[in-house]
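# Commentary on secondary and tertiary structure
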Amino acid sequence: MPETIDLVIPNVVEFNLKRELLDFDPGVERDLVEHGTGLTDQCVFWSTEDRVLVLPAGYSPEWLADVHAGLGSTVPPVVSPTPRTGRLVHDLLNDDRALAALHTATSGSRVVRFLSFGASPELYALATILRSQGRDVRLDVAEPQHYWSCEYLESKLSCVDLASHLPGFRVPRGISVASWDQLEGAVTAIVGSGGRAVVKSMYGVGGYGSAVARRDADGTLRRFWQSLRREPFFGTFPLTVQDYIEHAADCPAVDVLVDDGEEPRMEFSMLGVDGLRFRSLALGPGVVEPAVEERLSALGRAVHTFAQSLGYRGWLTIDCLLGVDGELYVTEINARRSGAMHAVALAERWADDTPVVYTHDAMPLRLTGTASYTAHVRPVFEDLWARGIRAYPSTVRALAGHRPSLGVVVCATNASEGEHIAGEAHRAVNAAVGGADAALVKPTAGSRS
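Residues numbered from 1 in each chain as written. Predicted model: local features only at pLDDT ≥ 70, side-chain atom pairs only at ≥ 80, totals over all residues. Heavy atoms only, no water.

The protein goes by ATP-grasp domain-containing protein in an unreviewed UniProt entry, where it is assigned to Streptomyces melanogenes.

So this is what it looks like as structure tokens:
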């Protein structure tokens, strides 16, 4: 066994559900578990080193083999705990069989390097178990005493604070509120002047936690208030009420790796959005205009230094809007790995001839029956592979979801080519499963996770 092995842990669901103050509706929790579990398979692209994957049960072995064959690598050992809660590491810690399998899969390696979605209490517990077995565990998140910094930076509140700490860190003008009366007053004040307001929970995920307030045809805000009261993310204060910023169709972002060095690693990307929701991502040379990339770089360096001072370590993402006024506004910080991480890894792998990576996490499928990877998805991608196209289904779990969809990641020479190839794959799979031969359409919901 190698001296060092990567332990890849896509703890997406438990990261998104670790909000003790929120009382999730069972239906919302089921949506978040299904959505987050579907995204876990993207982690197969994170590492090219010797590794062990911790994947939720139900992954497709055929898909896993095909993807690794396309990448020119072997399938690593996979550990899957018995699914009880949908929280991957929680279920692993309570499954003696899976823990024994993990011990066997990593035996012989003195150093175990974590590659996780983000910090959570269960992740530290797993590290403690491995250390008790004599392993040198290298975390990819903050040490336990600095866990608070992960929670703080993940909160939307941190964006408001950083605007007062860092020159050039601009957020949409807003009002912070701590009660329903204050919320009603703030929304009325912003919308009453003829504008639109964006209401944000401190924590949001999967399309939940943000809402746009605009007047109905009858001049009221009835539909907005009805939708707000149904969503548990808005049940806990404070909330922020911000001006809606008119912006370009695509939004710039930067992923920053915060470590002990002075110079941060940064990856720039453009996000395709549907209102407030993430739809797609393009990453690589030329995707972000040089002037915008320069501004993102300055922003990333400033946030890197600030996050370092709090004890934070690991990846974080700064999502922005480029307003029609020319200003760059920060909309949120995600203190975790983002949906750009598999694109980053693939861009590194194929940098010489296909430097741009385009991803779409949730292309909706119109099923007339049951879909399967081997019968409907594999033939489409086999055709692409035969033509020398580096395109991969990033997850096929969502085929069986209550809102069936497919994730696709494409290595291309430019973003337009990548989007075209993804659209071609989407149309072909949609036709194969009995749906309409639709153009690339927006997902039902999404988050940059």
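Still more to cover.
## Observations concerning the overall build of the protein
To be explicit about the condition: Here a helix means four or more residues in a row that DSSP labels H or I, a strand means two or more in a row labelled E, and each is numbered from the N terminus. The atom set for the radius of gyration is the C-alpha atoms, and the globule formula is 2.2 Å times the number of residues raised to the power 0.38. Residue contacts follow a heavy-atom distance rule, with two residues in contact if any of their heavy atoms lie within 4.5 Å. What sets the accessible areas is the Shrake-Rupley method with a 1.4 Å probe; for residues, cover comes only from the shown protein chains. We treat Lys and Arg as the positive residues and Asp and Glu as the negative residues; His and chain ends play no part in the count. By convention, the point assigned to a charge is CZ for Arg, NZ for Lys, CD for Glu and CG for Asp.
Looking only at helices and strands, the protein features 14 helices and 17 strands. Against the compact-globule benchmark of 22 Å for 449 residues, the protein has a radius of gyration of 22 Å, which places it among compact chains. If one aligns the C-alpha atoms of the protein with their principal axes, the spans along those axes are about 65 × 55 × 45 Å. Intrachain contacts of the protein at a sequence separation of at least 6 include 70% that bridge at least 24 residues. Roughly 18200 Å² of accessible area belongs to the protein as shown, and the carbon and sulfur atoms make up 50% of that amount. When the 41 positive and 56 negative side-chain charges of the protein are each reduced to one mean point, those points stand 3 Å apart.

## Some remarks on the packing of aromatic side chains
For clarity, the cut-off: Paired rings are identified among Phe, Tyr and Trp, the last through its six-membered ring, by centres lying within 6.5 Å, and are further divided according to the angle between planes into stacked (under 30 degrees), edge-to-face (over 60) and tilted (the rest). Relative accessibility decides the category of a residue: with a 1.4 Å probe and only protein chains considered, values under 20% of the type maximum give buried, values over 50% give exposed, and everything between is partly exposed.
For the coordinates displayed, the defined rule picks out seven aromatic pairs. On the basis of an interplanar angle of 50° and a centroid distance of 6.1 Å, the ring pair of Phe45 and Tyr392 is categorised as tilted. Taken together, the residues Phe45 in the loop between α2 (26-39) and β2 (51-54) and Tyr392 in strand β16 (residues 390-395) connect sequence positions 347 residues apart. Note on Trp148 and Tyr152: the rings are 6.3 Å apart at their centroids and 40° apart in plane angle, and the pair reads as tilted. One end of the pair is Trp148 and the other is Tyr152, both in helix α7 (residues 147-154) and four residues apart, which spans about a single turn. Residue Trp148 is classed as partly exposed on the basis of its relative accessible area of 46%.

## Focus: the packing of helix α9 (residues 180-192) against helix α10 (residues 222-230)
Rules: Where helices are involved, their axes are fitted lines through C-alpha atoms of the stretch in contact, as for all axes, and angles between N-to-C directions lie from 0 to 180°. Take the far helix as your reference; a near helix turned counterclockwise from it by less than a right angle gives a left-handed crossing, and one turned clockwise gives a right-handed crossing. Gly counts as polar in this scheme, as do all residues outside two lists: the nonpolar Ala, Val, Leu, Ile, Met, Phe, Trp, Tyr, Cys and Pro, and the charged Asp, Glu, Lys and Arg.
It is the contact of α9 with α10, at a shortest axis distance of 13 Å, that shows an interaxial angle of 145°. Along this stretch, α9 crosses α10, giving a crossing that reads as right-handed. The segment α9 lies against α10, with Trp180, Leu183, Glu184 and Val187 engaging Phe224, Trp225, Leu228 and Arg229. Residues of the contact of α9 with α10, tallied by class, amount to six nonpolar, no polar and two charged.

## Some points on the packing of helix α3 (residues 61-71) against helix α13 (residues 373-386)
Selection rule: With respect to orientation, any angle under 35 degrees is reported as roughly parallel, any angle over 145 as roughly antiparallel, any angle of 65 to 115 as roughly perpendicular, and every other angle as oblique.
Two elements in contact, α3 and α13, have axes separated by 11 Å at closest approach and are oriented at 10°. In terms of their interaxial angle, α3 and α13 are classed as roughly parallel. Touching Glu62, Trp63 and Asp66 of α3 are Tyr373, Thr374, Arg378 and Trp385, all from α13. Within the contact of α3 with α13, the residues separate by chemical class into three nonpolar, one polar and three charged.

## Quick look at the nonpolar core
Rules: Put simply, a nonpolar core is a bunch of buried Ala, Val, Leu, Ile, Met, Phe, Trp, Tyr and Cys residues held in one set by side-chain atoms that sit within 4.5 Å of each other.
Core analysis: the biggest nonpolar cluster contains 113 residues, and Leu7, Phe114, Leu126, Phe169, Leu316, Ile318 and Phe381 have the highest contact counts within it. Residue contacts for Leu316: discarding those within four places in its chain leaves Leu153, Val254, Asp255, Val256, Val258, Val303, Ala307, Asn334, Ala335 and Arg336. Leu183, Ala186, Val187 and Val199 belong to the second-largest nonpolar core, a separate cluster that totals 17 residues.

## Quick look at the sheet that holds strand β6 (residues 174-177)
Where we set the bar: Think of it this way: DSSP has to see at least two bridges between two strands before they count as a pair.
Strand order in the open sheet formed by four strands is β6-β9-β7-β8, with antiparallel pairing between adjacent strands. In this open sheet, the two edge strands, each paired with only one partner strand, are β6 and β8 (208-213). Within the sheet, the average angular offset between the axes of one strand and its neighbour, ignoring direction, is 20°. Pairing analysis gives four bridges linking β6 to strand β9 (residues 239-243), with the strands arranged antiparallel. Bridge pairing in β9 places Val177 opposite Leu239.

## Observations concerning the environment of Arg301
Here is the rule we go by: Here a polar contact is taken to be a pair of N or O atoms separated by no more than 3.5 Å, where protein atoms must pair a possible hydrogen donor with a possible acceptor and residues adjacent in sequence count only if both atoms sit in side chains.
Looking at where Arg301 falls in the secondary structure, it is placed in helix α11 (residues 290-309). With relative accessibility at 37%, the residue Arg301 sits in the partly exposed group. Between the C-alpha atom of Arg301 and that of Ala335, which follows or precedes it by 34 residues, the distance is 15 Å. Arg301 has contacts with Glu263, Pro264 and Met266, leaving out every residue within four places of it along the chain. Within polar-contact distance, the side chain of Arg301 engages the side chain of Glu263 at 2.5 Å.

## Observations concerning the sheet that holds strand β3 (residues 78-79)
Pairing is parallel across the open sheet formed by five strands, whose spatial order is β3-β2-β1-β4-β5. The open sheet has two edge strands with one neighbour each: β3 and β5 (136-138). Relative to β5, strand β4 (residues 111-116) runs parallel, the two sharing three bridges. Within the sheet, the bridge partner assigned to Arg113 lies in β5 and is Arg138. Of the strands in this sheet, β1 (4-9), β4 and β5 are in contact with helix α6 (residues 121-132), which crosses β4 at around 170°.

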